[in-house]
Amino acid sequence: MLTLFNTLTGRQEAFEPIEPKKVRMYVCGVTVYDYCHIGHARSALVFDVLRRYLEYGGYAVTFVKNFTDVDDKIIKRANEQGISCDAVTAKYIQAYHEDMGKLGVKSATQEPKATEHIGDIIQLTEKLVAKGLAYTVDGDVYFAVSNYPHYGRLSKRRLEDLQAGARVEVDERKRHPMDFALWKRSKPGEPSWEGPWGPGRPGWHIECSAMSIRHLGETFDIHGGGMDLIFPHHENEIAQSCGATGKEFARYWIHNGFVQINQEKMSKSLGNFFTIREIFEKSEWSEEVTGEILRYFLLSTHYHGPLDFSDQALKEAKNALNGFYDLFHRLKETDGLAAAGDGRLTTAVQRVRKSFADAMDEDLNTSAAIAALQGLRSDVNKMIDKGLSNEERKQARQEFRSLGQVLGLFQSDTWQFNPTVPHAATNIGPGIPLSSQGKHSPTGAQSGPIATVSDSEIEVRIAERIDAKKRKDFKRADTIREELKSLGITIEDKPDGTSRWKR
RNA sequence: GGCGCCGUACCCAAGUGGUAAGGGAGCAGUCUGCAAAACUGCGAUGCAGCGGUUCGAACCCGCUCGGCGCCUCCA
(Lines give C-alpha, C1' and ligand atoms only; values in the text may rest on other atoms or scores of the structure.)
Protein backbone atom coordinates (compact mmCIF):
# COMPACT_ATOMS: atom_id res chain seq x y z
CA MET A 1 0.00 0.00 0.00
CA LEU A 2 1.54 3.25 -1.16
CA THR A 3 1.66 6.05 1.37
CA LEU A 4 2.58 9.61 0.52
CA PHE A 5 3.38 12.66 2.57
CA ASN A 6 0.57 15.10 1.88
CA THR A 7 1.48 18.74 2.40
CA LEU A 8 -2.21 19.55 2.74
CA THR A 9 -2.68 17.44 5.85
CA GLY A 10 0.93 17.47 7.00
CA ARG A 11 0.84 13.71 7.35
CA GLN A 12 1.85 10.59 5.52
CA GLU A 13 -1.34 9.01 4.20
CA ALA A 14 -2.38 5.89 2.37
CA PHE A 15 -2.89 6.71 -1.28
CA GLU A 16 -6.35 5.94 -2.58
CA PRO A 17 -7.28 7.27 -6.01
CA ILE A 18 -10.73 8.63 -6.77
CA GLU A 19 -11.30 5.93 -9.36
CA PRO A 20 -9.89 2.49 -8.65
CA LYS A 21 -6.69 1.73 -10.56
CA LYS A 22 -6.69 5.14 -12.22
CA VAL A 23 -4.61 8.09 -11.21
CA ARG A 24 -4.86 11.63 -12.44
CA MET A 25 -1.90 13.80 -11.56
CA TYR A 26 -0.75 17.32 -12.35
CA VAL A 27 2.74 18.66 -11.90
CA CYS A 28 3.80 22.25 -12.30
CA GLY A 29 6.33 22.37 -15.07
CA VAL A 30 8.57 25.29 -15.85
CA THR A 31 8.31 28.82 -17.08
CA VAL A 32 10.07 28.64 -20.40
CA TYR A 33 12.38 31.63 -20.44
CA ASP A 34 15.70 29.91 -19.76
CA TYR A 35 17.46 26.54 -19.65
CA CYS A 36 16.56 24.13 -16.86
CA HIS A 37 18.91 23.68 -13.96
CA ILE A 38 19.61 20.66 -11.82
CA GLY A 39 16.82 21.63 -9.45
CA HIS A 40 14.28 21.39 -12.24
CA ALA A 41 15.78 18.03 -13.04
CA ARG A 42 15.18 16.79 -9.52
CA SER A 43 11.57 17.85 -9.52
CA ALA A 44 10.91 16.34 -12.93
CA LEU A 45 12.62 13.13 -11.86
CA VAL A 46 10.74 12.77 -8.58
CA PHE A 47 7.39 12.93 -10.30
CA ASP A 48 8.62 10.79 -13.15
CA VAL A 49 9.44 8.12 -10.58
CA LEU A 50 6.11 8.55 -8.80
CA ARG A 51 4.39 8.08 -12.14
CA ARG A 52 6.53 5.05 -13.01
CA TYR A 53 5.90 3.45 -9.64
CA LEU A 54 2.15 3.96 -9.95
CA GLU A 55 2.29 2.36 -13.39
CA TYR A 56 4.40 -0.45 -11.98
CA GLY A 57 1.63 -0.94 -9.43
CA GLY A 58 -0.90 -1.37 -12.21
CA TYR A 59 -2.45 2.10 -12.22
CA ALA A 60 -3.42 3.81 -15.43
CA VAL A 61 -1.85 7.22 -14.96
CA THR A 62 -2.92 10.40 -16.67
CA PHE A 63 -0.01 12.72 -16.10
CA VAL A 64 -0.30 16.38 -16.99
CA LYS A 65 2.70 18.69 -16.86
CA ASN A 66 2.33 22.22 -18.09
CA PHE A 67 4.52 24.83 -19.68
CA THR A 68 4.03 28.40 -18.51
CA ASP A 69 4.56 30.27 -21.74
CA VAL A 70 3.20 33.69 -20.91
CA ASP A 71 4.88 35.59 -18.11
CA ASP A 72 6.80 38.73 -17.20
CA LYS A 73 10.14 36.97 -17.41
CA ILE A 74 9.42 35.71 -20.89
CA ILE A 75 8.45 39.18 -22.06
CA LYS A 76 11.62 40.57 -20.52
CA ARG A 77 13.75 37.93 -22.20
CA ALA A 78 12.10 38.52 -25.55
CA ASN A 79 12.74 42.25 -25.30
CA GLU A 80 16.36 41.69 -24.31
CA GLN A 81 16.99 39.46 -27.28
CA GLY A 82 14.83 41.42 -29.67
CA ILE A 83 12.75 38.39 -30.58
CA SER A 84 9.14 37.43 -30.08
CA CYS A 85 7.81 35.72 -26.99
CA ASP A 86 6.84 32.79 -29.15
CA ALA A 87 10.42 32.40 -30.28
CA VAL A 88 11.61 32.45 -26.69
CA THR A 89 9.13 29.86 -25.49
CA ALA A 90 9.59 27.60 -28.49
CA LYS A 91 13.34 27.58 -27.94
CA TYR A 92 13.16 26.67 -24.27
CA ILE A 93 10.38 24.15 -24.65
CA GLN A 94 12.56 22.30 -27.12
CA ALA A 95 15.52 22.60 -24.77
CA TYR A 96 13.37 21.22 -21.97
CA HIS A 97 12.51 18.15 -23.98
CA GLU A 98 16.13 17.62 -24.96
CA ASP A 99 17.45 17.98 -21.42
CA MET A 100 14.79 15.85 -19.77
CA GLY A 101 15.15 13.28 -22.50
CA LYS A 102 18.80 12.86 -21.62
CA LEU A 103 17.77 12.25 -18.04
CA GLY A 104 15.31 9.61 -19.13
CA VAL A 105 12.28 11.56 -17.92
CA LYS A 106 9.24 10.21 -19.72
CA SER A 107 7.00 12.66 -21.50
CA ALA A 108 3.78 13.49 -19.70
CA THR A 109 0.48 12.27 -21.08
CA GLN A 110 -0.41 15.88 -21.79
CA GLU A 111 1.90 18.88 -21.84
CA PRO A 112 -0.44 21.84 -22.14
CA LYS A 113 0.60 25.45 -22.56
CA ALA A 114 -0.99 28.42 -20.86
CA THR A 115 -1.46 30.27 -24.14
CA GLU A 116 -3.56 27.41 -25.46
CA HIS A 117 -6.01 27.78 -22.57
CA ILE A 118 -6.84 31.46 -22.59
CA GLY A 119 -10.52 30.65 -23.07
CA ASP A 120 -10.53 28.39 -20.02
CA ILE A 121 -8.68 31.01 -18.01
CA ILE A 122 -11.20 33.68 -18.91
CA GLN A 123 -14.13 31.45 -18.05
CA LEU A 124 -12.64 30.56 -14.69
CA THR A 125 -11.96 34.20 -13.94
CA GLU A 126 -15.50 35.19 -14.87
CA LYS A 127 -16.81 32.53 -12.55
CA LEU A 128 -14.75 33.91 -9.68
CA VAL A 129 -15.94 37.45 -10.39
CA ALA A 130 -19.53 36.23 -10.48
CA LYS A 131 -19.08 34.51 -7.12
CA GLY A 132 -17.69 37.64 -5.54
CA LEU A 133 -14.25 36.10 -5.11
CA ALA A 134 -12.63 38.43 -7.60
CA TYR A 135 -12.95 42.08 -8.56
CA THR A 136 -11.95 44.32 -11.42
CA VAL A 137 -9.74 47.39 -11.23
CA ASP A 138 -8.70 49.33 -14.32
CA GLY A 139 -8.78 46.30 -16.59
CA ASP A 140 -7.01 44.08 -14.04
CA VAL A 141 -8.81 41.32 -12.17
CA TYR A 142 -7.75 40.32 -8.67
CA PHE A 143 -8.62 37.40 -6.48
CA ALA A 144 -9.99 38.58 -3.12
CA VAL A 145 -8.29 36.44 -0.51
CA SER A 146 -10.40 37.90 2.29
CA ASN A 147 -13.51 36.49 0.69
CA TYR A 148 -12.11 32.97 0.56
CA PRO A 149 -12.35 31.50 4.06
CA HIS A 150 -9.80 28.71 3.68
CA TYR A 151 -6.94 30.80 2.38
CA GLY A 152 -3.68 29.55 3.89
CA ARG A 153 -4.85 25.98 4.29
CA LEU A 154 -2.00 24.42 2.34
CA SER A 155 0.88 26.56 3.53
CA LYS A 156 -0.49 26.75 7.09
CA ARG A 157 -0.34 30.49 7.08
CA ARG A 158 -2.80 32.99 8.40
CA LEU A 159 -3.47 36.17 6.50
CA GLU A 160 -2.64 38.20 9.59
CA ASP A 161 0.80 36.57 9.82
CA LEU A 162 1.50 37.22 6.19
CA GLN A 163 0.72 40.88 6.51
CA ALA A 164 3.21 41.26 9.31
CA GLY A 165 6.19 40.44 7.13
CA ALA A 166 4.94 41.65 3.81
CA ARG A 167 7.40 44.06 2.34
CA VAL A 168 5.73 44.31 -0.99
CA GLU A 169 4.92 47.62 -2.53
CA VAL A 170 1.35 48.12 -1.50
CA ASP A 171 -0.78 48.42 -4.54
CA GLU A 172 -3.45 50.79 -3.29
CA ARG A 173 -5.95 49.47 -5.78
CA LYS A 174 -5.94 46.04 -4.17
CA ARG A 175 -8.39 45.44 -1.37
CA HIS A 176 -5.98 43.22 0.51
CA PRO A 177 -2.20 43.15 0.11
CA MET A 178 -2.29 39.43 -0.60
CA ASP A 179 -4.84 39.69 -3.39
CA PHE A 180 -3.26 38.41 -6.58
CA ALA A 181 -3.86 39.01 -10.26
CA LEU A 182 -6.00 36.67 -12.32
CA TRP A 183 -5.98 38.87 -15.38
CA LYS A 184 -3.53 41.66 -16.14
CA ARG A 185 -4.25 44.47 -18.51
CA SER A 186 -1.57 44.30 -21.16
CA LYS A 187 0.79 47.12 -21.87
CA PRO A 188 1.64 48.01 -25.47
CA GLY A 189 3.87 45.43 -27.09
CA GLU A 190 3.00 42.68 -24.66
CA PRO A 191 1.21 39.48 -25.61
CA SER A 192 -2.46 40.23 -25.37
CA TRP A 193 -5.81 38.51 -25.66
CA GLU A 194 -9.24 40.05 -25.85
CA GLY A 195 -11.09 39.50 -22.57
CA PRO A 196 -14.30 40.74 -20.95
CA TRP A 197 -12.18 43.28 -19.02
CA GLY A 198 -10.33 44.50 -22.08
CA PRO A 199 -7.12 43.31 -23.70
CA GLY A 200 -4.90 41.48 -21.28
CA ARG A 201 -3.09 38.34 -20.31
CA PRO A 202 -3.43 35.76 -17.53
CA GLY A 203 -2.01 36.35 -14.07
CA TRP A 204 0.57 34.19 -12.39
CA HIS A 205 -1.39 31.27 -10.99
CA ILE A 206 -4.68 30.94 -12.81
CA GLU A 207 -3.28 28.96 -15.73
CA CYS A 208 -2.57 25.89 -13.62
CA SER A 209 -6.09 25.86 -12.27
CA ALA A 210 -7.50 26.20 -15.75
CA MET A 211 -5.30 23.55 -17.32
CA SER A 212 -5.61 20.99 -14.57
CA ILE A 213 -9.39 21.31 -14.52
CA ARG A 214 -9.52 21.09 -18.30
CA HIS A 215 -7.39 17.97 -18.55
CA LEU A 216 -8.11 16.18 -15.29
CA GLY A 217 -11.46 17.45 -14.08
CA GLU A 218 -12.40 19.63 -11.13
CA THR A 219 -11.16 17.12 -8.60
CA PHE A 220 -8.17 14.92 -9.20
CA ASP A 221 -5.68 12.82 -7.27
CA ILE A 222 -2.20 14.27 -7.10
CA HIS A 223 -0.71 17.70 -7.55
CA GLY A 224 3.01 18.19 -7.29
CA GLY A 225 5.89 20.57 -7.62
CA GLY A 226 8.87 22.01 -5.81
CA MET A 227 8.73 23.10 -2.17
CA ASP A 228 8.88 26.73 -3.15
CA LEU A 229 5.60 26.46 -4.98
CA ILE A 230 3.63 25.76 -1.80
CA PHE A 231 3.27 29.44 -1.23
CA PRO A 232 1.96 31.37 -2.93
CA HIS A 233 1.52 29.40 -6.15
CA HIS A 234 -0.26 26.30 -4.91
CA GLU A 235 -2.08 28.13 -2.16
CA ASN A 236 -3.50 30.41 -4.82
CA GLU A 237 -4.36 27.55 -7.12
CA ILE A 238 -6.42 25.98 -4.37
CA ALA A 239 -8.18 29.25 -3.61
CA GLN A 240 -9.04 29.82 -7.28
CA SER A 241 -10.07 26.30 -8.07
CA CYS A 242 -12.05 25.50 -4.94
CA GLY A 243 -13.50 28.99 -5.01
CA ALA A 244 -14.75 28.55 -8.54
CA THR A 245 -15.98 24.97 -8.41
CA GLY A 246 -16.97 24.68 -4.77
CA LYS A 247 -15.37 21.24 -4.88
CA GLU A 248 -12.20 19.74 -3.56
CA PHE A 249 -9.33 20.39 -5.98
CA ALA A 250 -6.34 18.03 -5.72
CA ARG A 251 -6.38 15.49 -2.91
CA TYR A 252 -2.68 14.78 -2.43
CA TRP A 253 -0.14 17.57 -2.59
CA ILE A 254 3.41 16.38 -3.01
CA HIS A 255 6.44 18.67 -2.84
CA ASN A 256 10.07 17.88 -3.45
CA GLY A 257 13.04 19.41 -1.62
CA PHE A 258 15.72 21.60 -3.14
CA VAL A 259 19.00 20.85 -4.73
CA GLN A 260 21.60 22.84 -2.85
CA ILE A 261 25.17 23.90 -3.34
CA ASN A 262 27.17 23.88 -0.13
CA GLN A 263 24.01 23.70 1.95
CA GLU A 264 22.51 26.68 0.21
CA LYS A 265 19.63 26.80 -2.18
CA MET A 266 20.66 27.22 -5.77
CA SER A 267 19.56 30.54 -7.10
CA LYS A 268 20.42 32.90 -9.85
CA SER A 269 21.08 35.73 -7.45
CA LEU A 270 23.76 33.67 -5.71
CA GLY A 271 25.06 32.54 -9.07
CA ASN A 272 25.43 28.99 -7.77
CA PHE A 273 23.25 27.06 -10.15
CA PHE A 274 24.07 24.58 -12.86
CA THR A 275 22.01 23.98 -15.93
CA ILE A 276 21.40 20.45 -17.02
CA ARG A 277 23.07 20.97 -20.38
CA GLU A 278 26.09 22.52 -18.76
CA ILE A 279 26.56 19.41 -16.65
CA PHE A 280 26.28 17.20 -19.71
CA GLU A 281 28.65 19.36 -21.69
CA LYS A 282 31.30 19.30 -19.00
CA SER A 283 30.90 15.68 -18.09
CA GLU A 284 33.85 13.45 -18.84
CA TRP A 285 31.47 10.56 -19.41
CA SER A 286 29.20 9.78 -22.31
CA GLU A 287 25.74 11.27 -22.47
CA GLU A 288 24.07 7.99 -21.62
CA VAL A 289 26.33 7.39 -18.65
CA THR A 290 26.04 10.96 -17.42
CA GLY A 291 22.26 10.78 -17.57
CA GLU A 292 22.19 7.68 -15.47
CA ILE A 293 24.71 9.06 -12.99
CA LEU A 294 22.53 12.12 -12.50
CA ARG A 295 19.46 9.98 -12.06
CA TYR A 296 21.18 7.76 -9.53
CA PHE A 297 22.48 10.79 -7.68
CA LEU A 298 19.13 12.56 -7.61
CA LEU A 299 17.33 9.44 -6.39
CA SER A 300 19.88 8.50 -3.76
CA THR A 301 18.19 10.78 -1.24
CA HIS A 302 14.56 10.84 -0.19
CA TYR A 303 12.70 13.34 -2.36
CA HIS A 304 11.44 15.43 0.54
CA GLY A 305 14.83 16.42 1.92
CA PRO A 306 17.53 18.71 0.62
CA LEU A 307 20.23 17.35 -1.65
CA ASP A 308 23.70 18.80 -1.99
CA PHE A 309 25.12 18.83 -5.49
CA SER A 310 28.84 18.50 -5.96
CA ASP A 311 31.55 16.93 -8.06
CA GLN A 312 32.24 14.42 -5.35
CA ALA A 313 28.59 13.42 -5.06
CA LEU A 314 28.50 12.75 -8.79
CA LYS A 315 31.68 10.74 -8.60
CA GLU A 316 30.26 8.63 -5.78
CA ALA A 317 27.11 8.00 -7.77
CA LYS A 318 29.27 6.93 -10.69
CA ASN A 319 31.24 4.52 -8.50
CA ALA A 320 28.11 3.03 -7.00
CA LEU A 321 26.62 2.55 -10.45
CA ASN A 322 29.82 0.92 -11.65
CA GLY A 323 29.19 -1.94 -9.27
CA PHE A 324 25.88 -2.68 -10.95
CA TYR A 325 27.22 -2.48 -14.47
CA ASP A 326 30.25 -4.58 -13.58
CA LEU A 327 27.77 -7.20 -12.46
CA PHE A 328 25.65 -6.86 -15.60
CA HIS A 329 28.76 -7.40 -17.65
CA ARG A 330 29.61 -10.53 -15.70
CA LEU A 331 26.07 -11.74 -16.29
CA LYS A 332 26.59 -11.52 -20.04
CA GLU A 333 29.67 -13.70 -19.95
CA THR A 334 30.09 -17.42 -19.62
CA ASP A 335 32.82 -18.81 -17.44
CA GLY A 336 32.43 -22.56 -17.88
CA LEU A 337 31.86 -23.14 -14.19
CA ALA A 338 29.33 -25.74 -13.09
CA ALA A 339 26.08 -24.05 -12.17
CA ALA A 340 26.52 -24.67 -8.47
CA GLY A 341 25.03 -21.29 -7.62
CA ASP A 342 21.74 -22.03 -9.34
CA GLY A 343 18.54 -22.45 -7.38
CA ARG A 344 18.92 -19.48 -5.05
CA LEU A 345 17.84 -16.76 -7.41
CA THR A 346 14.11 -17.18 -6.88
CA THR A 347 14.37 -16.57 -3.17
CA ALA A 348 16.66 -13.61 -3.66
CA VAL A 349 14.31 -12.13 -6.24
CA GLN A 350 11.30 -12.53 -4.00
CA ARG A 351 13.16 -10.85 -1.20
CA VAL A 352 14.29 -7.89 -3.28
CA ARG A 353 10.85 -7.37 -4.78
CA LYS A 354 9.35 -7.16 -1.34
CA SER A 355 11.95 -4.85 0.14
CA PHE A 356 11.89 -2.68 -2.97
CA ALA A 357 8.11 -2.31 -2.83
CA ASP A 358 8.15 -1.75 0.93
CA ALA A 359 10.64 1.06 0.43
CA MET A 360 8.73 2.69 -2.41
CA ASP A 361 5.44 2.35 -0.56
CA GLU A 362 6.96 4.29 2.28
CA ASP A 363 6.54 7.71 0.68
CA LEU A 364 8.71 6.81 -2.31
CA ASN A 365 11.82 5.99 -0.32
CA THR A 366 14.13 5.64 -3.32
CA SER A 367 17.17 5.56 -1.10
CA ALA A 368 15.99 2.42 0.65
CA ALA A 369 14.81 1.00 -2.69
CA ILE A 370 18.30 1.39 -4.09
CA ALA A 371 19.68 -0.31 -0.99
CA ALA A 372 17.41 -3.26 -1.77
CA LEU A 373 18.85 -3.44 -5.27
CA GLN A 374 22.36 -3.31 -3.82
CA GLY A 375 21.37 -6.33 -1.77
CA LEU A 376 20.44 -8.23 -4.90
CA ARG A 377 23.67 -7.17 -6.55
CA SER A 378 25.61 -8.70 -3.71
CA ASP A 379 23.51 -11.88 -3.77
CA VAL A 380 23.92 -12.39 -7.49
CA ASN A 381 27.66 -11.78 -7.40
CA LYS A 382 27.94 -14.57 -4.86
CA MET A 383 25.91 -16.85 -7.08
CA ILE A 384 28.19 -16.10 -10.00
CA ASP A 385 31.23 -16.91 -7.89
CA LYS A 386 29.72 -20.31 -7.29
CA GLY A 387 28.75 -20.70 -10.94
CA LEU A 388 25.54 -19.60 -12.55
CA SER A 389 23.78 -21.03 -15.61
CA ASN A 390 23.07 -18.81 -18.58
CA GLU A 391 19.40 -19.11 -17.90
CA GLU A 392 19.66 -17.78 -14.38
CA ARG A 393 22.04 -15.08 -15.54
CA LYS A 394 19.39 -13.87 -17.92
CA GLN A 395 16.75 -13.97 -15.23
CA ALA A 396 18.94 -11.98 -12.89
CA ARG A 397 19.63 -9.33 -15.51
CA GLN A 398 15.93 -9.16 -16.26
CA GLU A 399 15.10 -8.56 -12.62
CA PHE A 400 17.45 -5.59 -12.44
CA ARG A 401 15.90 -4.31 -15.60
CA SER A 402 12.32 -4.52 -14.41
CA LEU A 403 12.87 -3.06 -10.94
CA GLY A 404 15.35 -0.56 -12.36
CA GLN A 405 12.70 0.54 -14.83
CA VAL A 406 10.75 2.07 -11.94
CA LEU A 407 13.69 4.30 -11.11
CA GLY A 408 14.76 4.67 -14.72
CA LEU A 409 18.03 2.89 -14.02
CA PHE A 410 19.84 -0.17 -15.36
CA GLN A 411 18.33 -0.09 -18.84
CA SER A 412 21.58 0.38 -20.71
CA ASP A 413 23.28 -2.48 -22.49
CA THR A 414 26.47 -0.73 -23.23
CA TRP A 415 27.38 1.48 -20.33
CA GLN A 416 31.14 1.85 -20.49
CA PHE A 417 32.09 -1.76 -20.67
CA ASN A 418 33.37 -2.56 -24.06
CA PRO A 419 33.37 -5.81 -25.94
CA THR A 420 36.03 -8.28 -25.07
CA VAL A 421 39.09 -7.95 -27.25
CA PRO A 422 39.93 -11.24 -28.99
CA HIS A 423 43.25 -13.04 -28.55
CA ALA A 424 44.86 -11.71 -31.67
CA ALA A 425 44.79 -8.19 -32.89
CA THR A 426 42.72 -7.89 -36.03
CA ASN A 427 42.81 -4.44 -37.48
CA ILE A 428 45.97 -2.68 -36.53
CA GLY A 429 45.88 0.49 -38.50
CA PRO A 430 47.88 3.65 -38.29
CA GLY A 431 48.12 4.77 -34.72
CA ILE A 432 45.61 7.37 -33.72
CA PRO A 433 47.30 10.03 -31.66
CA LEU A 434 46.13 10.16 -28.10
CA SER A 435 44.58 13.52 -27.62
CA SER A 436 44.24 15.18 -24.29
CA GLN A 437 42.09 18.05 -23.28
CA GLY A 438 41.23 19.78 -20.03
CA LYS A 439 37.78 19.29 -18.65
CA HIS A 440 35.92 21.45 -16.24
CA SER A 441 34.12 19.98 -13.30
CA PRO A 442 30.43 20.72 -12.81
CA THR A 443 31.37 22.98 -9.93
CA GLY A 444 33.72 24.91 -12.12
CA ALA A 445 36.89 23.56 -10.56
CA GLN A 446 39.62 22.22 -12.74
CA SER A 447 39.67 18.49 -12.25
CA GLY A 448 42.89 17.94 -14.10
CA PRO A 449 43.31 16.88 -17.68
CA ILE A 450 41.27 13.90 -18.69
CA ALA A 451 42.55 12.29 -21.80
CA THR A 452 40.25 11.32 -24.56
CA VAL A 453 41.32 8.34 -26.55
CA SER A 454 39.36 6.47 -29.15
CA ASP A 455 38.05 2.96 -28.66
CA SER A 456 39.98 1.63 -31.61
CA GLU A 457 43.22 3.06 -30.29
CA ILE A 458 42.61 1.37 -26.95
CA GLU A 459 41.83 -1.91 -28.61
CA VAL A 460 45.05 -1.79 -30.58
CA ARG A 461 46.98 -1.33 -27.37
CA ILE A 462 45.14 -4.10 -25.64
CA ALA A 463 45.69 -6.51 -28.47
CA GLU A 464 49.35 -5.67 -28.29
CA ARG A 465 49.32 -6.36 -24.58
CA ILE A 466 47.62 -9.69 -25.04
CA ASP A 467 50.36 -10.68 -27.45
CA ALA A 468 52.94 -9.65 -24.90
CA LYS A 469 51.23 -11.74 -22.24
CA LYS A 470 51.31 -14.74 -24.54
CA ARG A 471 55.04 -14.29 -24.93
CA LYS A 472 55.28 -14.02 -21.13
CA ASP A 473 56.60 -10.52 -21.64
CA PHE A 474 54.90 -9.26 -18.50
CA LYS A 475 57.04 -6.19 -18.32
CA ARG A 476 55.71 -5.01 -21.64
CA ALA A 477 52.17 -5.99 -20.64
CA ASP A 478 52.39 -3.98 -17.44
CA THR A 479 53.78 -0.99 -19.29
CA ILE A 480 50.73 -0.94 -21.52
CA ARG A 481 48.45 -1.39 -18.53
CA GLU A 482 50.05 1.56 -16.77
CA GLU A 483 49.94 3.65 -19.89
CA LEU A 484 46.23 3.11 -20.33
CA LYS A 485 45.60 3.51 -16.64
CA SER A 486 47.10 6.98 -16.77
CA LEU A 487 44.50 7.76 -19.42
CA GLY A 488 41.71 6.56 -17.17
CA ILE A 489 41.33 3.18 -18.83
CA THR A 490 41.11 0.10 -16.64
CA ILE A 491 41.97 -3.29 -18.09
CA GLU A 492 40.50 -6.44 -16.65
CA ASP A 493 41.99 -9.77 -17.66
CA LYS A 494 39.66 -12.70 -17.81
CA PRO A 495 40.62 -16.30 -16.98
CA ASP A 496 40.35 -17.33 -20.62
CA GLY A 497 43.14 -15.02 -21.72
CA THR A 498 40.98 -12.29 -23.19
CA SER A 499 40.66 -8.83 -21.72
CA ARG A 500 37.95 -6.27 -21.27
CA TRP A 501 38.36 -2.60 -20.52
CA LYS A 502 36.42 0.33 -19.24
CA ARG A 503 36.86 4.03 -18.85
C1' G B 1 7.58 38.89 13.49
C1' G B 2 4.94 34.30 11.38
C1' C B 3 5.34 29.28 9.15
C1' G B 4 8.59 25.18 8.25
C1' C B 5 12.96 21.97 7.46
C1' C B 6 17.62 19.84 8.81
C1' G B 7 21.94 18.08 12.13
C1' U B 8 23.23 9.68 11.97
C1' A B 9 30.72 6.89 10.83
C1' C B 10 36.00 9.94 6.57
C1' C B 11 31.88 11.12 2.68
C1' C B 12 26.70 10.11 0.92
C1' A B 13 22.43 8.04 3.25
C1' A B 14 18.03 4.79 5.38
C1' G B 15 15.89 4.15 9.98
C1' U B 16 10.67 8.02 13.82
C1' G B 17 9.89 3.62 20.61
C1' G B 18 12.79 -2.50 20.86
C1' U B 19 18.48 -2.29 20.89
C1' A B 20 22.25 1.55 14.37
C1' A B 21 20.13 -0.72 6.50
C1' G B 22 22.85 0.30 2.18
C1' G B 23 26.56 2.66 -0.88
C1' G B 24 31.32 5.25 -1.71
C1' A B 25 36.24 5.80 0.14
C1' G B 26 39.97 3.21 3.33
C1' C B 27 42.57 -1.04 5.53
C1' A B 28 43.49 -6.50 5.71
C1' G B 29 42.76 -11.34 3.49
C1' U B 30 41.21 -14.95 -0.69
C1' C B 31 41.85 -15.09 -6.01
C1' U B 32 45.46 -13.25 -9.84
C1' G B 33 52.16 -13.49 -13.46
C1' C B 34 50.72 -8.32 -11.88
C1' A B 35 46.18 -5.82 -11.68
C1' A B 36 40.95 -5.13 -11.87
C1' A B 37 36.38 -7.19 -10.54
C1' A B 38 34.20 -10.39 -7.03
C1' C B 39 34.09 -12.54 -2.25
C1' U B 40 35.42 -12.45 3.26
C1' G B 41 36.71 -9.52 7.41
C1' C B 42 37.54 -4.57 9.98
C1' G B 43 34.97 0.21 10.78
C1' A B 44 29.55 4.80 14.87
C1' U B 45 28.93 1.08 22.72
C1' G B 46 26.59 5.52 19.64
C1' C B 47 22.80 9.05 16.09
C1' A B 48 24.66 18.01 17.48
C1' G B 49 24.55 18.99 23.18
C1' C B 50 21.96 18.84 27.94
C1' G B 51 17.78 17.34 30.70
C1' G B 52 12.99 14.56 30.98
C1' U B 53 9.15 10.51 29.97
C1' U B 54 9.68 5.00 29.47
C1' C B 55 11.33 -1.62 31.27
C1' G B 56 13.56 0.37 26.83
C1' A B 57 14.72 6.55 22.68
C1' A B 58 18.61 8.27 17.12
C1' C B 59 13.31 8.04 17.22
C1' C B 60 8.49 11.12 22.13
C1' C B 61 8.72 15.98 25.29
C1' G B 62 11.56 20.44 26.88
C1' C B 63 15.72 23.60 26.51
C1' U B 64 20.39 24.91 24.11
C1' C B 65 23.85 25.12 19.95
C1' G B 66 24.66 25.00 14.67
C1' G B 67 22.85 25.15 9.41
C1' C B 68 18.92 26.21 5.91
C1' G B 69 14.19 27.42 3.48
C1' C B 70 9.44 30.11 2.73
C1' C B 71 6.53 34.65 3.78
C1' U B 72 8.64 38.59 -3.36
C1' C B 73 9.39 35.30 -9.31
C1' C B 74 11.62 30.67 -8.06
C1' A B 75 11.72 23.11 -8.92
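Residues numbered from 1 in each chain as written. Chains lettered and ligands numbered in written order. Predicted model: local features only at pLDDT ≥ 70, side-chain atom pairs only at ≥ 80, totals over all residues. Heavy atoms only, no water.

Student: Is there a simple way to think about the sheet that holds strand β6 (residues 140–143) in this case?
Tutor: Hydrogen bonding along the main chain pairs the strands of a sheet, whether they run parallel or antiparallel. With antiparallel pairing, the 5 strands of this open sheet are ordered in space as β5-β6-β7-β9-β8. In this open sheet, the two edge strands, each paired with only one partner strand, are β5 (134–137) and β8 (193–195). Ignoring strand direction, the axes of neighbouring strands in this sheet form an average angle of 35 degrees. Pairing geometry for β8 and strand β9 (residues 198–202), over 3 bridges, is antiparallel. (Pairing = 2+ DSSP bridges. Helix = DSSP H or I, 4+ residues; strand = E, 2+ residues; numbered from the N terminus. Axes fitted to C-alpha atoms, helices over the stretch in contact; angles between N-to-C directions.)

Student: Would you explain the sheet that holds strand β11 (residues 250–256) in this entry?
Tutor: What the 4 strands build is an open sheet, ordered β4-β3-β10-β11; its pairing is parallel. With partners counted over all chains shown, the strands left at the sheet margins are β4 (60–68) and β11, one partner each. In this sheet, neighbouring strand axes are inclined to one another by 20 degrees on average, regardless of whether the strands run parallel or antiparallel.

Student: So what exactly am I meant to see when it comes to the nonpolar core here?
Tutor: Most often, soluble globular proteins keep nonpolar side chains buried together rather than apart. With 90 residues, the main nonpolar core has Leu54, Ile222 and Phe309 as its most contacted residues. At 10 residues, the largest contribution of residues to this core is made by helix α1 (residues 38–56). (Core = buried A, V, L, I, M, F, W, Y, C linked by side-chain atoms within 4.5 Å. Buried < 20%, exposed > 50% of the residue type's maximum accessible area, 1.4 Å probe, protein only.)

Student: I'm lost on the domain arrangement of chain A in this one. Help?
Tutor: Size of an interface: often given as the accessible area lost when the parts come together. Here chain A is described as being made up of domain 1 (3–261), domain 2 (292–407) and domain 3 (435–502). The gap between the C-alpha centroids of domain 2 and domain 3 is 27 Å. (Domains from an automatic or database assignment.)

Student: I'm lost on the packing of helix α12 (residues 366–386) against helix α13 (residues 390–407) in this one. Help?
Tutor: Between two packed helices, the angle of one axis relative to the other and the distance separating the axes together describe the packing. Interaxial distance between α12 and α13 falls to 11 Å at its minimum, and their mutual angle equals 170 degrees. Between α12 and α13, the crossing angle belongs to the class labelled roughly antiparallel. On α13, the residues touching Thr366, Ile370, Leu373, Leu376, Arg377, Val380 and Ile384 of α12 are Arg393, Ala396, Glu399, Phe400, Leu403 and Leu407. Residue composition of the contact of α12 with α13, by class: 9 nonpolar, 1 polar and 3 charged. (Parallel < 35°, antiparallel > 145°, perpendicular 65-115°, else oblique. Contact = heavy atoms within 4.5 Å. Nonpolar A, V, L, I, M, F, W, Y, C, P; charged D, E, K, R; others polar.)

Student: Any chance you could explain the environment of Val406 here in plain terms?
Tutor: By the secondary structure assignment, Val406 is in helix α13. Here Val406 falls in the buried class, since its relative accessible area comes to 2%. Considered as a pair, Val406 and Gly57 are 349 residues apart in the sequence and their alpha carbons are 9.9 Å apart. Once residues lying within four places of it in the same chain are set aside, the contact partners of Val406 are Val49, Arg52, Tyr53, Tyr56, Phe356 and Met360.

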